[in-house]
Amino acid sequence: MGFFDEPFDLMTAAEGRVEGIAKVTGSGKYAAEYKVDGLCHAVLVGSTIAAGKIKSFNLDNAKQVAGVLGIITHLEKPLVPGLADEDKIKEARLGLAVFHTDKIFFKGQPIALVIAETLEDATYAASLVTAEYEKEPAKLDFELALKNIPLTPAGKDRGNIEALNSAPHSVEAEYNIKAEVHNPMEMHATIAEWKADDKLKLFDKNQGVNNVQRTFAKLFNIPVDNIEVISEFVGGGFGSGLRVWPHALACIMAAKLVKRPVKLMLTRPQMFHSVGYRPAAWQKIKLGANADGKFVGIHHQAKNGTSVYENFNEGITRVTRLIYHFDNLKAEAATVPLNLSTPTWMRGPGDCTGDFAIESAIDELSYKLKMDPVALRMKNLALEKHPDNGLPWSTNYINECIEKGAQMINWKDRKAAHSQTIEGDWSIGYGMAVGAWNAGRGTASAGIQMQKDGTITVQTAMTDIGTGTGISMQNIAHDSTGISKSKIKIELGNSNLPPAPSQGGSNGLSSIGGAVVAAVSALKLKLAEYAAMQNEAYKNAAPADILLSDTGVSLKTANNQLVSYTSLWEKNNLNILEVEASSGPGAERQKYAFCSSAAHFCKVRVNRKTGKVKIERLVTVSDGGKIISEKAAANQMSGAAVGGIGMALMEEQLTDERLGTLVGNDFAGYHFPVNADAPIIEVAFINKPDPNINPQGSKGLGEVGIIGTAAAIANAIYNATGKRLRDLPITPDKVLLG
């Protein structure tokens, strides 16, 4: 394959993922696992205060450790040209200019980097690095700080929000969500090697190799093509790999200093403050309806935490404009600067947070109206056009998601009044909510290499972060060519391959699928060009009329004889046939609006003595257009739903507000759902192609599986107990005291 130290065959039986064998046998390498000659190790040293300045360092003890090759601080460092220019820093979107300031913005901020021959030496020496600080007061209490931050408009108002004051039925409430951390299984790591003064090779955990490539090209002022980034296998990202973080730059600087390849792998505690998180959020909703359940309007206010050195607005109110008809709408938002590291996108960013408040308020309103929550939502869905921009939906089957989900969970068994079903110490309840996500598509490229035996290799720089991109590319290539899956290989996750967007925002397959189809068309035309030398019928043939098989090329015209690949290769003296093509959004984006959607239904048992919440059933039904790989798609939905369980019931990143220390910054102290916390997620798809979004008709699914899940659980808890719990996570103490 050419790019990897230990090549393997990314091809497997039709029923399995293309990368499955490589992952389970260990032949597939993750960022920290590559073997590089002359490799040494780096370990970060974090600040011990949350705000202030560094006055001095004591590095003497660390330098005496055997095997130490160098120590980087803001006082002693290799030059990074881009960090000398504030505009370049903003352009590169690096955020924290690591080792280029004496200011401390959060506890754990990298202040030094120790490079040594072994990881053990580097770790020990790093423990000996100390610093003297000029300490300053730190802002750490989100709930206290948000009170002093004014709200500003978040998008254009619609109608007259004063109409809410005369609505016959209304709900007004505040909602709070604690910060959450991505915590993928694989920790972030980088191996950096300078091949020359202006040529860099990186093995890096990320969700977009081209993004990493562009970022460091700007920072080091070298050509993009001089940087190779490899990220073929990723052990989970959930958004944490969508941007470039300071540790990767630190590793590159270390390699520049010692003139050797350097590996830097974050520890699990470092992951909690080094690669983003879902920020804490406060929301206030005022929602009104007429007597028949028609929404009058909504006033949505939101604030989320950010860092003092970089603003991150999660876009919490965005989803308010996506799902329902609100003739009168007002949205306001603000960010709350804190002495914590910068948050980032985390699965269903913004919309997941905002949807919890909206769907909880709608559920509460349904009880005031004495109206079924399903019926209330169905009455108010914006099914014809996007409620904000007015474009007609290309497809939108959220109503069918609701209908199917209600049927699957036997919604008819739900009691209309709360606290009606009791079995021993357990109260039983049903809840539901919906979610939606703007279905995007980016420009992507794909290449195909074809061998004499008819084997093809489909290539792209896009990284498969576990979403099933590889198997979906294989399925699309199979459907487009007719070539057996056993003869279709996949290469991805390398910046030397045809460029593609980052894998995130539910845009991955929607983007790369069109590129694969375009590359197949280019391959067909190239083969027809050679075949025309043997049979004039192939001249000027359109891709749709060209048929491929495992052994040769033919035309749809009657009685047309197959031209074998063997003869094409021999007569044209071919070694390998290569094509590349690009595809992206077009005029359809001005004609239509695009969305993915899902309905979530939940049945819970709540123990009245302990406050324990047990999720007995969780159903999620989604409209993701045509489902290209059903197993991979179902895995996306079930994994997202489990993330929603964590958001609803247990995940919270707490901070010691005296010291700035993150509390429980490990898997012992930070609770997230495991198998015992989740039932078998029941997943279903509407599976109707969207004819306008891309050639395969597929829409993204990664986000909608979590958007609405937490609200469905909270609503089920209310149906079981009569306790309306608006602060996440809903831990047993809140259930008992709420």
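Engineer: Could you clarify how one ought to interpret the packing of helix α9 (residues 351-369) against helix α17 (residues 709-721) in this entry?
Structural biologist: A packed helix pair is summarised by two numbers, namely the angle formed by the two axes and the spacing between the axes. Two elements in contact, α9 and α17, have axes whose closest approach is 8 Å; the angle formed by their N-to-C orientations is 30°. One way to sum up the angle between α9 and α17 is to call them roughly parallel. Remark: the crossing between α9 and α17 carries right-handed chirality. Residue-level contacts link Asp-355, Phe-356, Glu-359, Ser-360, Asp-363 and Tyr-367 of α9 to Ala-710, Ala-711, Ala-714, Asn-715, Tyr-718 and Asn-719 of α17. Here the residues of the contact of α9 with α17 sort into 6 nonpolar, 3 polar and 3 charged.

Engineer: Any chance you could explain the sheet that holds strand β14 (residues 295-307) here in plain terms?
Structural biologist: In a beta sheet, neighbouring strands pair by backbone hydrogen bonds and run either parallel or antiparallel. Read across the open sheet, the 6 strands follow the order β7-β15-β14-β13-β8-β30; overall the sheet is mixed. Because the sheet does not close on itself, it has two edges, and the strands there are β7 (152-153) and β30 (727-728). One ladder, built from 9 bridges, connects strand β13 (residues 281-289) with β14; its direction is antiparallel. Bridge assignment links Gly-288 to a residue of β14, and that residue is Gly-297.

Engineer: Which parts of the structure should I look at to understand helix α6 (residues 209-220)?
Structural biologist: In an α-helix there are 3.6 residues to a turn, and that puts residues three or four apart on one side. Over its 12 residues, α6 extends 17 Å from the first C-alpha to the last, a length consistent with the 16 Å expected when each residue adds 1.5 Å. The element α6 is largely enclosed, with a buried count of 10 among its 12 residues. Of the positions making up α6, those classed as buried are Val-209, Asn-210, Asn-211, Val-212, Gln-213, Thr-215, Phe-216, Ala-217, Leu-219 and Phe-220. Buried-residue contacts for α6 involve α3 (86-92), β9 (189-196), β10 (199-204), β11 (227-230) and α7 (246-258). Looking one or two places after α6, you find Asn-221, whose phi comes out positive at around 55°.

Engineer: I'm lost on helix α4 (residues 119-127) in this one. Help?
Structural biologist: Among all positions in α4, only Ala-122, Ala-125 and Ala-126 are buried. When α4 is viewed along its axis, its buried side chains cluster within an angular range of 100° and face the same direction. Opposite the packed face of α4, turned more than 90 degrees from it, sit the exposed residues Glu-120 and Ser-127. Elements that come into contact with the buried residues of α4 comprise β1 (40-46), α2 (60-63), β3 (68-72) and β5 (110-116).

Engineer: When you look at the packing of aromatic side chains in this model, what are you seeing that I'm missing?
Structural biologist: For any pair of aromatic rings, the description consists of the separation of the ring centres together with the inter-plane angle of the planes. Enumeration according to the criterion identifies 19 aromatic pairs in this entry. With 4.2 Å between their ring centres and 25° between their planes, Tyr-34 and Phe-203 make a pair best called stacked. In this pair, Tyr-34 is assigned in the loop between α1 (20-25) and β1 and Phe-203 in strand β10, connecting sequence segments 169 residues apart. Residue Tyr-34 is classed as buried on the basis of its relative accessible area of 6%. Ring geometry for Tyr-367 against Tyr-718: centres 4.8 Å apart, planes inclined by 75°, an arrangement best described as edge-to-face. Of this pair, Tyr-367 sits in helix α9 while Tyr-718 sits in helix α17, placing them 351 residues apart in sequence. Pair check on accessibility: Tyr-367 and Tyr-718 agree, each one buried. Three or more aromatic residues joined by ring pairs make a cluster, and in this case those are Phe-272, Phe-667, Tyr-670 and Phe-672. The ring of Trp-194 has Lys-256 sitting right over it, with the charged end atom 3.6 Å from the ring centre.

Engineer: I keep staring at the pattern of salt bridges and nothing clicks. Help me out?
Structural biologist: Charged atoms that come close allow side chains of opposite charge to pair. Throughout the structure, instances matching the rule amount to 27 salt bridges. A salt bridge links Glu-143 to Lys-178; its shortest N-O distance comes to 3.8 Å. Note that Glu-143 is positioned in helix α5 (residues 142-145) and Lys-178 in the loop between β8 (169-177) and β9, a separation of 35 residues in sequence. Residue class for Lys-178 comes out partly exposed when judged on its relative accessible area of 27%. Within this structure, Glu-423, Lys-603, Arg-605 and Glu-616 form a network of salt bridges that share partners.

Engineer: Teacher, can you tell me more about unusual backbone geometry here?
Structural biologist: Only a minority of non-glycine residues have a phi that is not negative, and only a minority of peptide bonds are not trans. At the junction of Leu-728 and Pro-729, the peptide bond is cis and its omega measures out at 5° in the coordinates. Locating Pro-729 in the fold gives a position in the loop between β30 and α18 (732-737). The phi dihedral of Phe-99 falls on the positive side, at around 60°, and the residue is not glycine. With respect to the helices, strands and loops of the structure, Phe-99 is situated in the loop between α3 and β4 (103-104).

Engineer: Explanation requested: the environment of Asn-339 in the structure shown.
Structural biologist: Looking at the secondary structure, you find Asn-339 in the loop between β15 (328-338) and α9. Overall, the relative accessible area of 6% leaves Asn-339 in the buried class. Counting along the chain gives 288 residues from Asn-339 to Ala-51, while the straight-line C-alpha distance between them is 6.7 Å. In this structure, Asn-339 is in contact with Ala-50, Ala-51, Phe-105, Phe-106, Pro-137, Ala-138, Lys-139, Leu-140 and Val-308, ignoring residues within four places of it in sequence. In this structure the side chain of Asn-339 is engaged in a polar contact, spanning 3.4 Å, whose partner is the backbone oxygen of Ala-50.

Engineer: What should I look at first to understand the nonpolar core in this one?
Structural biologist: Within soluble globular proteins, side chains that are nonpolar tend to cluster in buried spots. The biggest cluster of nonpolar side chains holds 88 residues, and the ones touching the most others in it are Phe-601 and Leu-649. Sequence-distant contacts of Phe-601, that is, excluding residues within four places in its chain, are made with Val-374, Cys-401, Ile-402, Gly-405, Ala-406, Ile-409, Trp-411, Gly-431, Met-432, Arg-617, Leu-618 and Val-619. Core analysis: the second largest hydrophobic core is formed by 46 residues, Leu-83, Ala-248, Leu-264 and Ala-461 among them.

Engineer: Explain the sheet that holds strand β18 (residues 444-450) to me, please; I cannot follow it from the model alone.
Structural biologist: An order of β20-β19-β18-β24 is seen for the 4 strands of this open sheet, with the pairing classed as mixed. Looking at which strands have only one partner, the edges of the open sheet turn out to be β20 (488-491) and β24 (577-583). On average, each strand axis in the sheet is inclined to that of its neighbour by 20°, with strand direction left out of account. In the sheet, β18 pairs with β24 via 7 bridges, with the strands oriented antiparallel. Among the inter-strand pairings, Ser-445 is bridged to a residue of β24, identified as Ser-582.

Engineer: Hey, could you run me through the confidence of the model for the protein in this one?
Structural biologist: Fine structural detail should not be taken from predicted coordinates in areas where pLDDT scores are low. Across the protein, pLDDT averages 95, with 98% of residues at or above 70. pLDDT under 50 marks residues 1-8. Its contacts with residues more than four places away, or in other chains, come to 24 contacts.

Engineer: Please clarify how a negative patch on the surface should be interpreted in this entry.
Structural biologist: Taken together, Asp-85, Glu-86, Asp-87 and Glu-91 make up a surface patch of like negative charges. With respect to the element layout, Glu-91 can be found in helix α3.

Engineer: What am I meant to see in the packing of α6 against α7 here?
Structural biologist: The contact between α6 and α7 brings their axes to 12 Å, and the two run at 55°. Viewed along their axes, α6 and α7 adopt a mutual orientation that is oblique. In terms of crossing hand, the pair formed by α6 and α7 is right-handed. Facing α6, whose interface residues are Phe-216, Leu-219 and Phe-220, α7 presents Ala-248, Leu-249 and Ile-252.

Engineer: Quick question: what am I supposed to make of the pairing of β1 here?
Structural biologist: A regular strand places its side chains on the two faces of the sheet in alternate fashion. Within β1, 6 of the 7 residues are buried, which leaves it mostly tucked inside the rest of the structure. Taken together, the 6 bridges between β1 and β5 define a ladder with antiparallel strand orientation. Along β5, the bridge assignment pairs Leu-44 with Leu-113.

Calculation criteria
- Residues numbered from 1 in each chain as written.
- Predicted model: local features only at pLDDT ≥ 70, side-chain atom pairs only at ≥ 80, totals over all residues.
- Heavy atoms only, no water.
- Axes fitted to C-alpha atoms, helices over the stretch in contact; angles between N-to-C directions.
- Helix = DSSP H or I, 4+ residues; strand = E, 2+ residues; numbered from the N terminus.
- Parallel < 35°, antiparallel > 145°, perpendicular 65-115°, else oblique.
- Left-handed = near helix turned anticlockwise from the far one by under 90°.
- Contact = heavy atoms within 4.5 Å.
- Nonpolar A, V, L, I, M, F, W, Y, C, P; charged D, E, K, R; others polar.
- Pairing = 2+ DSSP bridges.
- Expected span 1.5 Å × (residues − 1).
- Buried < 20%, exposed > 50% of the residue type's maximum accessible area, 1.4 Å probe, protein only.
- Arc of directions from axis to C-beta.
- Phe/Tyr/Trp six-rings, centres within 6.5 Å; stacked < 30°, edge-to-face > 60°.
- Lys NZ or Arg CZ within 6 Å of the ring centre and 35° of its normal.
- Salt bridge = Lys/Arg side-chain N within 4 Å of Asp/Glu carboxyl O.
- Polar contact = N/O pair within 3.5 Å; in protein donor to acceptor, adjacent residues only side chain to side chain.
- Core = buried A, V, L, I, M, F, W, Y, C linked by side-chain atoms within 4.5 Å.
- pLDDT = per-residue confidence, 0-100.
- Patch = residues over 30% accessible without salt bridge, like charges linked within 9 Å, V, L, I, M, F, W, Y side chains within 5 Å.
- Areas by Shrake-Rupley, 256 points an atom, 1.4 Å probe, with all protein chains shown as cover.
- Lys, Arg positive; Asp, Glu negative; His and termini not counted.
- Charge placed at Lys NZ, Arg CZ, Asp CG, Glu CD.

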